[in-house]
Amino acid sequence: MLLAKTIVLAASAIGAGCAMIAGLGPGIGEGYAAGKAVEAVARQPEAKGNIISTMILGQAVAESTGIYSLVIALILLYANPFVGMLG
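Residues numbered from 1 in each chain as written. Predicted model: local features only at pLDDT ≥ 70, side-chain atom pairs only at ≥ 80, totals over all residues. Heavy atoms only, no water.

1. Description of the environment of Val 8
Then step 1. Note on placement: Val 8 falls in helix α1 (residues 2-21).
Then step 2. Along the sequence, Val 8 and Gly 23 sit 15 residues apart, while their C-alpha atoms lie 23 Å from each other.
Then step 3. Val 8 has contacts with Asn 80, Phe 82, Val 83 and Leu 86, leaving out every residue within four places of it along the chain. (Helix = DSSP H or I, 4+ residues; strand = E, 2+ residues; numbered from the N terminus. Contact = heavy atoms within 4.5 Å.)

This is how it looks when you write it as structure tokens:
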């Protein structure tokens, strides 16, 4: 029983680490979007409001995937549902 719980906890820690790798995508994407928004504003300063609002909306959507991965990692580490299934 102790070995099974240890294996589940180790696999959960590995899963939490893999889930946190998903935090790289939003960071890279948001940086890329901000850079492209700066380029767009430099080309068309009169469209600054529309460009910035579209960028912020896109970054909020992108950030939600990072938050989901954080929530999954925290669940696996602190409220692990698989430990209770062992008996």
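Now that the structure is up, let's keep going.
2. Let's talk about the side chain of Ser 69
Then step 1. Assignment of secondary structure puts Ser 69 in helix α3 (residues 48-78).
Then step 2. On the basis of relative accessible area, Ser 69 is assigned to the buried category, the value being 7%.
Then step 3. Residue contacts for Ser 69: discarding those within four places in its chain leaves Ala 19, Met 20, Ala 22 and Gly 23. (Buried < 20%, exposed > 50% of the residue type's maximum accessible area, 1.4 Å probe, protein only.)

3. A closer look at helix α2 (residues 24-43)
Residues spaced three or four apart along an α-helix face the same direction, because each turn holds 3.6 residues.
Then step 1. End to end, α2 covers 29 Å across 20 residues, agreeing with the expected 28 Å (1.5 Å per residue, within 8%).
Then step 2. Along α2, the residues classified as buried are Pro 26, Glu 30, Ala 37 and Ala 40. Relative to the axis of α2, the buried residues are bounded by an arc of 85° and lie together on one face. Those residues of α2 that are exposed and aimed more than 90 degrees away from the buried face are Leu 24, Ile 28, Tyr 32, Val 38, Ala 42 and Arg 43. (Expected span 1.5 Å × (residues − 1). Arc of directions from axis to C-beta.)

4. What about α1?
Then step 1. Taking 1.5 Å of rise per residue, the 20 residues of α1 would be expected to cover 28 Å, and the 29 Å separating its terminal C-alpha atoms lies within 8% of that figure.
Then step 2. Restricting attention to buried positions, one finds in α1 the residues Val 8, Ser 12, Ala 16 and Ala 19. Taken around the axis of α1, the buried residues stretch over an arc of 75°, which confines them to a single face. In α1, the exposed positions that point more than 90 degrees away from the buried face belong to Leu 2, Leu 3, Ile 7, Ile 14 and Ile 21.
Then step 3. Looking at the packing, one finds that the buried side of α1 touches α3.

5. Some details on the confidence of the model for the chain
Then step 1. The pLDDT averaged across the chain works out to 89; a share of 99% of its residues lies at or above 70.
Then step 2. Within the chain, the element-level pLDDT minimum falls on α1, averaging 89, and the maximum on α2, averaging 92. (pLDDT = per-residue confidence, 0-100.)

6. Things to note about the environment of Tyr 68
Then step 1. Turning to its location among the elements, Tyr 68 is positioned in helix α3.
Then step 2. A relative accessible area of 55% places Tyr 68 in the exposed class.
Then step 3. Taking C-alpha positions, Tyr 68 is 9.6 Å from Met 20, a pair spaced 48 residues apart along the chain.

7. Concerning the environment of Thr 65
Then step 1. Residue placement: Thr 65 occurs in helix α3.
Then step 2. For Thr 65 and Gly 25, which are 40 residues apart along the polypeptide, the C-alpha to C-alpha distance reads 8.5 Å.
Then step 3. A distance of 2.7 Å separates a polar atom in the side chain of Thr 65 from the backbone oxygen of Ala 62. (Polar contact = N/O pair within 3.5 Å; in protein donor to acceptor, adjacent residues only side chain to side chain.)

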